[in-house]
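Residues per chain are reported as follows:
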Amino acid sequence: GQNIDQPTEMTATEGAIVQINCTYQTSGFNGLFWYQQHAGEAPTFLSYNVLDGLEEKGRFSSFLSRSKGYSYLLLKELQMKDSASYLCAVRDGDYKLSFGAGTTVTVRA
Amino acid sequence: ETGVTQTPRHLVMGMTNKKSLKCEQHLGHNAMYWYKQSAKKPLELMFVYNFKEQTENNSVPSRFSPECPNSSHLFLHLHTLQPEDSALYLCASSQGTSDTGELFFGEGSRLTVL
């Protein structure tokens, strides 16, 4: 089966940095995704890693270590609008994505 | 606007009712999915359709019946549901493994079973 773990909740201050960790044990690996989901809205794609290393996209960065089954999403210069749930997901085949339970990030002024 | 539209956004039904959820994608993708999202739980994959053919059925009870008449439309027919089926049902689409092959989600149908 698939096992994808991430913290349930994190709180940070506006302007700060937060790192959301994700560990996974899956039957296969064909890429790792991070999604953002605001309350009552659709999950939206943030980042994709398939090779080891860091992918940077503006204020958001995502890191992958395949040998350790580990990824993190780094959110810099936090803004109030970054308060949301962040979902880690692993693709283990051509189409199937398995998700973690999500990390709720609360940004405080 | 993600290009994936779900209706209805909210649905309340009794355990003996029959209802359907509808999903339409305007992105030209070849794969469509149904996911179930319950509070504090991971998204659960229910069904996958690739080029209108069902390629995944994740041990979903038969009271949930999917239908994919073409690559742009996906339905989830609901019959004699249980209160524990109350959840947010998310539809998604993707274009195989081109580029990242990420999923594009609709905003979901919030289902309450009384």
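A brief structural summary. (Residues numbered from 1 in each chain as written. Chains lettered and ligands numbered in written order. Predicted model: local features only at pLDDT ≥ 70, side-chain atom pairs only at ≥ 80, totals over all residues. Heavy atoms only, no water.)

## Looking at unusual backbone geometry
Residue and element names in this part refer to chain B.
Consideration 1: The omega torsion of the bond from Thr 7 to Pro 8 falls at -10°, within 30 degrees of zero and hence cis.
Consideration 2: Considering the arrangement of structural elements, one finds Pro 8 in the loop between β1 (4-7) and β2 (10-13).
Consideration 3: Despite not being glycine, Lys 40 shows a phi value in the positive range, around 65°.
Consideration 4: Residue position: Lys 40 is located in the loop between β4 (31-37) and β5 (44-50).
Consideration 5: Residue Thr 80 is not a glycine yet carries a positive backbone phi of 50°.
Consideration 6: Along the chain, Thr 80 falls in the loop between β8 (73-79) and β9 (87-94).
Consideration 7: According to the relative accessible area criterion, Thr 80 is partly exposed, its value standing at 35%. (Helix = DSSP H or I, 4+ residues; strand = E, 2+ residues; numbered from the N terminus. Buried < 20%, exposed > 50% of the residue type's maximum accessible area, 1.4 Å probe, protein only.)

## Observations regarding the interface of chain B and chain A
Consideration 1: Taken together, the contacts link 27 residues of chain B with 18 residues of chain A.
Consideration 2: Of the roughly 1800 Å² buried between chain B and chain A, counting both surfaces, carbon and sulfur atoms make up 59%.
Consideration 3: Of all residues in chain B, B:Leu43, B:Thr100 and B:Phe105 bury the most surface against chain A, accounting for 24% of the area lost on that side.
Consideration 4: Taken together, the connections running from chain B to chain A amount to 0 salt bridges.
Consideration 5: Along the contact surface separating chain B from chain A lie 4 residue pairs in polar contact (both at pLDDT 80 or more).
Consideration 6: Secondary-structure elements contributing two or more residues to the side of chain B that touches chain A are β4, β5 and β9 of chain B.
Consideration 7: The element best represented in the side of chain B that touches chain A is β4(B), accounting for 4 residues. (Contact = heavy atoms within 4.5 Å. Buried area = accessible area lost by both parts, 1.4 Å probe. Salt bridge = Lys/Arg side-chain N within 4 Å of Asp/Glu carboxyl O. Polar contact = N/O pair within 3.5 Å; in protein donor to acceptor, adjacent residues only side chain to side chain.)

## Quick notes on the pattern of salt bridges
Consideration 1: Applying the stated criterion across every chain yields a total of 5 salt bridges over all chains.
Consideration 2: Notably, a salt bridge pairs A:Arg59 with A:Asp82, separated by 2.8 Å at the nearest N-O pair. On the criterion of sequence distance, the pair formed by A:Arg59 in the loop between β6 (53-57) and β7 (60-65) and A:Asp82 in the loop between β8 (70-75) and β9 (84-91) is long-range, its members being 23 residues apart.
Consideration 3: As a salt-bridge pair, B:Arg63 and B:Asp85 come within 2.7 Å of each other at their nearest N and O atoms. With B:Arg63 in the loop between β6 (53-57) and β7 (64-70) and B:Asp85 in the loop between β8 and β9, this residue pair connects regions lying 22 residues apart in the sequence.
Consideration 4: B:Asp85 sits in the buried class, given a relative accessible area of 3%.

## As for the pairing of strand β11 (residues 109-113) of chain B
All names here are of chain B.
Consideration 1: Alternating residues of β11 divide into Ser 109, Leu 111 and Val 113, all buried, and Arg 110 and Thr 112, none buried.
Consideration 2: For β9 and β11, the ladder comprises 3 bridges, and the chain directions are antiparallel. Bridging from a neighbouring strand, Leu 88 pairs with Arg 110 of β11. (Pairing = 2+ DSSP bridges.)

## A word on the sheet that holds β8(A)
Residue and element names in this part refer to chain A.
Consideration 1: What the 5 strands build is an open sheet, ordered β1-β3-β8-β7-β6; its pairing is antiparallel. Taken across any chain shown, the strands that pair with only one partner, and hence form the sheet edges, are β1 (3-5) and β6. Mean inter-strand twist for the sheet, computed between neighbouring axes without regard to direction, equals 15°. (Axes fitted to C-alpha atoms, helices over the stretch in contact; angles between N-to-C directions.)

## Quick word on the side chain of A:Gln37
Consideration 1: Within the secondary structure layout, A:Gln37 lies in strand β4 (residues 32-37).
Consideration 2: By relative accessible area, which is 9% here, A:Gln37 ends up buried.
Consideration 3: Side-chain polar atoms of A:Gln37 contact the side chain of B:Gln37, separated by 2.8 Å.
Consideration 4: With residues up to four places along the chain from it excluded, the contact list for A:Gln37 reads A:Ala42, A:Pro43, A:Ala84, A:Ser85, A:Leu87, B:Gln37, B:Leu88 and B:Leu90.

## Brief notes about the pairing of β5(B)
Residue and element names in this part refer to chain B.
Consideration 1: Burial of β5 is extensive: 6 of the 7 residues sit out of reach of the surface.
Consideration 2: Here β4 runs beside β5; their pairing, made up of 6 bridges, is antiparallel. Bridge pairing in β5 links Lys 36 to Glu 44.
Consideration 3: With 4 bridges joining them, β5 and β6 adopt antiparallel strand pairing. Within β6, the position partnered with Val 48 by the bridge is Glu 56.
Consideration 4: The turn joining β5 and β6, which pair antiparallel and follow one another in sequence, is formed by 2 residues; a positive phi near 50° is taken by Phe 51.

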